[in-house]
Amino acid sequence: IARVLSMVLVVRGACLLVSVLTLLPVSLQAAQPQALLASVNAQRLQSYQLQMQFHLLSSEDVDARVATQLQATVERFAQQTKQLDELSTGLALDAEVLALQVQARDFQQWVLANEVLTQGWVSVNTLNAMSSSGATLNQAYANLLNKLRAQGVAAEPLLEQAILMQQIAAGYVRETS
């Protein structure tokens, strides 16, 4: 009887393991669009933080703390941009993700222009190009988010509000610098 019981337990354990392993890809697939949404929203927040820090840097007398914060945000932003490929695998969003990555890299280049450090001021051309690049980046975010919504991925209202508040703060700093 002990031997039969141990075999039953082994078979039950094997069945449980097989059922868990068959469910695992399904749960990972369900989590994948949410992970992409979280990454895109983190990057959206960082894009407004970058704008705000860029304008703070141009209005402050090259405060080292602002420059350090800007560099740290640029690094997080670049990391989020790289992760988009892996997070979007299998979601049929390749065109939207590629467009977003191209716009994010363009935006990042304008932020890193750092004319304040080299010439002491930011040219109007750089400000206009950065503003235009930011608007194009926002359109790329909107396109990807619309596709995610069409796939049934719901936005988080509190996070959307936080992004809006960061956008307002960045706009305020831009206008006052």
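Look above for the structure.
This structure is a prediction, so every number in the text was calculated from the model and none was measured. (Residues numbered from 1 in each chain as written. Predicted model: local features only at pLDDT ≥ 70, side-chain atom pairs only at ≥ 80, totals over all residues. Heavy atoms only, no water.)

1. Notes on helix α6 (residues 157–176)
Short version of the rule: Helix and strand labels come from DSSP, where a helix needs a run of H or I of at least four residues and a strand needs a run of E of at least two; each type is numbered from the N terminus. Multiply 1.5 Å by the residue count of a helix minus one, and that product is the helix's expected span. Note on classification: 1.4 Å probe, protein chains only; a residue is buried when its accessible area is under 20% of the maximum for its type, exposed when over 50%, partly exposed between these limits. Regarding the arc, it is the one traced by the directions from the helix axis to the C-beta atoms.
Between its first and last C-alpha, α6 extends 29 Å over 20 residues, near the 28 Å set by a 1.5 Å rise per residue. Where α6 is concerned, the buried positions are Ile163, Gln166, Ala170, Gly171 and Val173. End-on, the buried residues of α6 take up no more than an arc of 165 degrees, which puts them together on one face. For α6, the exposed residues lying more than 90 degrees away from the buried face are Pro157, Leu158, Met165, Ile168, Tyr172, Glu175 and Thr176.

2. Concerning helix α3 (residues 94–111)
Between its first and last C-alpha atoms α3 spans 26 Å; for 18 residues at 1.5 Å apiece the expected length is 26 Å, and the two agree. Residues Glu96, Val97, Leu100, Gln101, Gln103, Ala104, Phe107, Gln108 and Val111 constitute the buried set of α3.

3. Some words on the pattern of salt bridges
What counts here: Salt-bridge detection follows one rule: a side-chain nitrogen of Lys or Arg within 4 Å of a carboxyl oxygen of Asp or Glu.
Applying the stated criterion to the full structure yields three salt bridges. With a closest N to O distance of 3.4 Å, Lys147 and Glu96 form a salt bridge. With Lys147 in helix α5 (residues 124–150) and Glu96 in helix α3, the pair connects residues that are 51 residues apart, well separated along the chain. Classification of Glu96 as buried rests on a relative accessible area of 17%. We note a salt bridge from Glu175 to Arg174, for which the minimum N-O separation is 3.3 Å. When its relative accessible area of 59% is taken as the criterion, Glu175 is described as exposed.

4. Focus on the nonpolar core
This is how the line gets drawn: Grouping buried Ala, Val, Leu, Ile, Met, Phe, Trp, Tyr and Cys residues that are joined through side-chain atoms within 4.5 Å yields what is termed a nonpolar core. The contact definition used throughout considers only heavy atoms, calling two residues in contact when any of these lie within 4.5 Å.
Grouped together as the largest cluster of nonpolar side chains are 28 residues, with contacts concentrated most on Leu36, Val40, Leu100 and Leu148. Elements with a contribution of two residues or more to this core: α1 (2–59), α2 (64–88), α3 and α5. Sorting elements by how many residues they give to this core places α5 first, with seven residues. Other than its neighbours up to four places away in sequence, Val40 contacts Leu84, Leu100, Tyr141, Leu144 and Leu145.

5. Quick word on the packing of α2 against α3
A pair of packed helices is characterised by two quantities: the angle between their axes and the separation of those axes. Note the cut-off: Fitted lines through C-alpha atoms serve as axes, helices being fitted only where they are in contact, and the angles separating the N-to-C directions of these axes extend from 0 to 180 degrees. To sort the angles, those under 35 degrees are grouped as roughly parallel, those over 145 as roughly antiparallel, those from 65 to 115 as roughly perpendicular, and the leftovers as oblique. Note on convention: near helix rotated counterclockwise from far helix by under a right angle means a left-handed crossing. Clockwise means right-handed. Each residue is assigned to one class: nonpolar for Ala, Val, Leu, Ile, Met, Phe, Trp, Tyr, Cys and Pro, charged for Asp, Glu, Lys and Arg, and polar for all the others, Gly among them.
The contact between α2 and α3 brings their axes to 10 Å, and the two run at 165 degrees. The orientation of α2 relative to α3 falls into the category roughly antiparallel. In the crossing of α2 with α3, the sense of the turn from one axis to the other is left-handed. Residues Leu70, Val74, Phe77, Ala78, Thr81, Lys82, Leu84, Asp85 and Ser88 of α2 pack against Val97, Leu100, Gln101, Ala104, Arg105, Phe107, Gln108 and Val111 of α3. Partitioned by chemical class, the residues of the contact of α2 with α3 number ten nonpolar, four polar and three charged.

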